[in-house]
Amino acid sequence: MKAVKNGVELEGMRACHIRDGAALCEYLHWLSEEVHKPGCVIDEVDGADKAEHFRSKQDGYVSLSFDTISSSGGNGAVIHYKPEKGSCLQIDKDDVYLCDSGAQYVDGTTDVTRTVHLGTPSQFQKECFTRVLMGHIDLALAVFPPGTKGTCLDCLARRPLWDVGLNYQHGTGHGVGSFLNVHEGPCRISAGNRISKYEMGLQKGMVLSDEPGYYEAGKFGIRIESLVEVVETSIGPDNGKFLTFKALTMTPIDRKLVETSLMTAQQIKWLNDYHK
């Protein structure tokens with residue numbers, strides 16, 4: 001029952017994501033300016049602490065929903081990296097920075113990953129990021145009948161990477177609770193070789209993550225994660241009985257890393273609409 005949110009829970013999830021997005025925008029803006037100041041040293045733990053500080057000022061904030069993954073350069077390629085004082089890296093003003101974070105608010109739960117480049121990205125980094133973004137968008141645009149299992153949709157997020165022989169070794173999406181567990185079953189979006197008999201087909205009112213990635217060992221990691229709500233769409237022969245996803249996360253995507261020449265017109269429109 002908790003996998004399908006009621007009206008109050010959905011309204012809370014929508015509202016808390018607006019506040020959470022504002023906090024994360026504050027953090028990423030602060031970081032983009034501070035790292036370029038002469039003599040300024042910000043390590044990965046400092047970054048995580050600052051992101052928490054901005055969130056803590058938002059109405060209804062209770063706690064983090066999990067330990068923040070604040071990772072610079074090669075540490076971003078460690079999927080479940082946790083920075084520790086004394087061993088973490090300084091956030092590099094000329095490299096890729098990945099921040100996977102979230103919070104518990106009295107009206108909902110957030111989980112968002114944004115990858116940014118604090119300097120000038122290489123062409124390879126831009127292509128990798130754009131292909132991750134294309135997969136993120138293709139999954140977000142999916143239209144499917146009620147009861148479709150996430151394993152049937154997972155390949156939509158991977159295909160732009162598969163097209164050039166790239167992949168990622170984690171699931172594409174997980175269910176999220178409403179002021180509950182940030183990872184919550186029984187719905188998920190994962191590769192077909194990880195099918196579980198307990199997996200539940202997608203239904204209107206569920207909330208999941210959409211989080212493809214790419215990881216170049218020892219060099220950089222890229223992940224784009226937003227939470228989405230499963231909603232009805234008028235597309236399809238059953239006049240509104242098909243489902244699609246609607247974005248809940250309200251945090252900009254770093255357009256410095258986007259190579260639009262790789263994208264379709266539909267993908268570019270989605271990206272522009274997301275930032276309106």
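See the structure shown above.
Residues numbered from 1 in each chain as written. Predicted model: local features only at pLDDT ≥ 70, side-chain atom pairs only at ≥ 80, totals over all residues. Heavy atoms only, no water.

J.: Give a description of the environment of G240 that names residues and reports values.
T.: Within the element layout of this structure, G240 appears in the loop between β12 (226–233) and β13 (242–247). The buried category is assigned to G240, whose relative accessible area is 13%. For the pair formed by G240 and P145, sequence separation is 95 residues and the distance between their alpha carbons is 10.0 Å. Among all residues touching G240, those that are not within four sequence positions of it are E232, T233 and S234. (Helix = DSSP H or I, 4+ residues; strand = E, 2+ residues; numbered from the N terminus. Buried < 20%, exposed > 50% of the residue type's maximum accessible area, 1.4 Å probe, protein only. Contact = heavy atoms within 4.5 Å.)

J.: Explain the pattern of salt bridges residue by residue, including any values.
T.: It is possible for side chains bearing opposite charge to pair when their charged atoms get close. All chains considered together, the criterion is met by 19 salt bridges. Here D43 ties to K85 by a salt bridge, and the two come within 2.6 Å at their closest N and O atoms. Here D43, found in the loop between α1 (7–34) and α2 (44–56), pairs with K85, found in the loop between β2 (69–72) and β3 (96–101); they are 42 residues apart in sequence, far enough to count as distant. For D43, a relative accessible area of 13% corresponds to the buried category. Residue K85 is classed as exposed on the basis of its relative accessible area of 53%. For D67, the salt bridge identified is with K82, shortest N-O distance 3.2 Å. (Salt bridge = Lys/Arg side-chain N within 4 Å of Asp/Glu carboxyl O.)

J.: Break down the layout of surface pockets for me, with residues and values.
T.: Sizing a probe to match a water molecule and rolling it over the atoms shows the empty space that remains. The space that makes up the largest pocket amounts to roughly 350 Å³. Residue lining of the largest pocket: 19 residues in total, with H80, G171, H174, H183 and E211 positioned closest to the centre. Listed by contribution, the elements that provide at least two residues to the lining of the largest pocket are β7 (173–175) and β8 (184–189). Here the lining of the largest pocket is composed, by residue class, of four nonpolar, eight polar and seven charged. Here the second largest pocket is characterised by a volume of approximately 270 Å³. (1 Å grid on protein atoms, 1.4 Å probe; cavity = no way out; pocket = protein on both sides within 12 Å on 5 of 7 lines; lining within 4 Å. Points joined across faces, edges and corners; volume = space filled by probe spheres on them. Nonpolar A, V, L, I, M, F, W, Y, C, P; charged D, E, K, R; others polar.)

J.: Could you give an account of the packing of helix α3 (residues 123–140) against helix α5 (residues 265–274), naming the residues involved and the relevant values?
T.: Where α3 contacts α5, the axes come no closer than 10 Å and their chain directions differ by 85°. Judged by the inter-axis angle, α3 sits roughly perpendicular to α5. Every residue of α5 that contacts α3 at L133, M134, H136, I137, D138 and A140 is listed here: Q267, W270 and L271. Taken together, the residues that form the contact of α3 with α5 break down as six nonpolar, two polar and one charged. (Axes fitted to C-alpha atoms, helices over the stretch in contact; angles between N-to-C directions. Parallel < 35°, antiparallel > 145°, perpendicular 65-115°, else oblique.)

J.: Would you mind going over the packing of α1 against α2 in detail, with residue names and values included?
T.: Where α1 meets α2, the closest approach of the two axes is 8 Å, and the angle between their N-to-C directions is 140°. When the axes of α1 and α2 are compared, the pair comes out oblique. Crossing geometry of α1 relative to α2 is assigned as right-handed. Judged by residue contacts, D20, A23, L24, E26, Y27 and W30 of α1 engage G47, A48, K50, A51, F54 and R55 from α2. Looking at side-chain class alone, the contact of α1 with α2 contains seven nonpolar, one polar and four charged residues. (Left-handed = near helix turned anticlockwise from the far one by under 90°.)

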